[in-house]
Amino acid sequence: MVVVPHRTCNEMQARQMPKGIPEAVESARGKLVYLFLQFHEGATLDELRDGLDLQRITLFSVLKTLRERGVVDRDGEKYVTARPA
């Protein structure tokens, strides 16, 4: 019989989270937006809407949360991933 060590939910989530996504980004939509911004090196609201097929109201909410958590900044009309301090 093989005994598998018990893992907590947080340990399993940490193992499954792709590298490069800050822990502060918790929701699936937040991760999607963050990765899009990272891959495209920033994007306007319209570029996010067209690229991710999400409504503007949804994007406003996600971007507000990401900005409050310090992982996304605004550079003029573009949203960009925050630079590490």
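Residues numbered from 1 in each chain as written. Predicted model: local features only at pLDDT ≥ 70, side-chain atom pairs only at ≥ 80, totals over all residues. Heavy atoms only, no water.

**A look at the overall build of the protein chain**
Here is the rule: Helix and strand definitions here come from DSSP, where helices need a minimum of 4 consecutive H or I residues and strands a minimum of 2 consecutive E residues; each element is numbered from the N-terminal end. Each residue's exposure class comes from its accessible area (1.4 Å probe, protein chains only) as a fraction of the maximum for that residue type: buried when under 20%, exposed when over 50%, partly exposed otherwise. Contact definition: two residues touch when any of their heavy atoms are within 4.5 Å. Computed by Shrake-Rupley with a 1.4 Å probe, the accessible areas treat only the displayed protein chains as cover when residues are assessed.
The helix and strand inventory of the protein chain stands at four helices and two strands. Within the protein chain, the fraction of its 85 residues that count as buried is 28%. In the protein chain, 45% of the contacts between residues at least 6 apart in sequence involve partners at least 24 apart. For the protein chain, the accessible area works out to roughly 6500 Å², and carbon and sulfur atoms hold 51% of it.

**What about the pairing of strand E2 (residues 78-81)?**
The test is simple: In this analysis, strands are considered paired if DSSP registers two or more bridges between them.
Bridge analysis of strand E1 (residues 72-75) against E2 gives four bridges, and the strand direction is antiparallel. Across the sheet, the residue bridging to aspartate 73 is valine 80, located in E2. Two successive antiparallel strands, E1 and E2, enclose a turn made up of two residues, where glycine 76 displays a positive phi of approximately 65 degrees.

**Looking at the packing of helix H2 (residues 28-40) against helix H4 (residues 56-68)**
Quick reminder of the rule: Fitted lines through C-alpha atoms give the axes, limited to the stretch in contact for helices. The angle between two N-to-C directions lies from 0 to 180 degrees. For classification, angles of less than 35 degrees are called roughly parallel, those exceeding 145 degrees roughly antiparallel, those between 65 and 115 degrees roughly perpendicular, and all remaining angles oblique. Here the nonpolar group is Ala, Val, Leu, Ile, Met, Phe, Trp, Tyr, Cys and Pro; Asp, Glu, Lys and Arg are the charged ones; every other residue, Gly included, is treated as polar.
Contact geometry of H2 with H4 gives a least axis separation of 10 Å together with a crossing angle of 80 degrees. On the basis of the axis angle, H2 is roughly perpendicular to H4. Touching Arg29, Gly30, Val33, Tyr34 and Leu37 of H2 are Thr58, Leu59, Val62, Leu63 and Leu66, all from H4. Its residues placed into classes, the contact of H2 with H4 shows seven nonpolar, two polar and one charged.

**Digging into unusual backbone geometry**
The backbone of glutamate 41 sits at a positive phi, close to 55 degrees, despite the residue not being glycine. Within the secondary structure, glutamate 41 sits in the loop between H2 and helix H3 (45-52). In this structure glutamate 41 comes out as exposed when scored by relative accessible area, which is 65%.

**What about the confidence of the model for the protein chain?**
Convention followed: pLDDT is a per-residue confidence score from the predictor, ranging from 0 to 100.
Confidence along the protein chain averages 84 in pLDDT terms, with 75% of residues attaining 70 or more. In the model, residues 14-18 has pLDDT below 50 throughout and makes three contacts with residues more than four positions away in sequence or in other chains.

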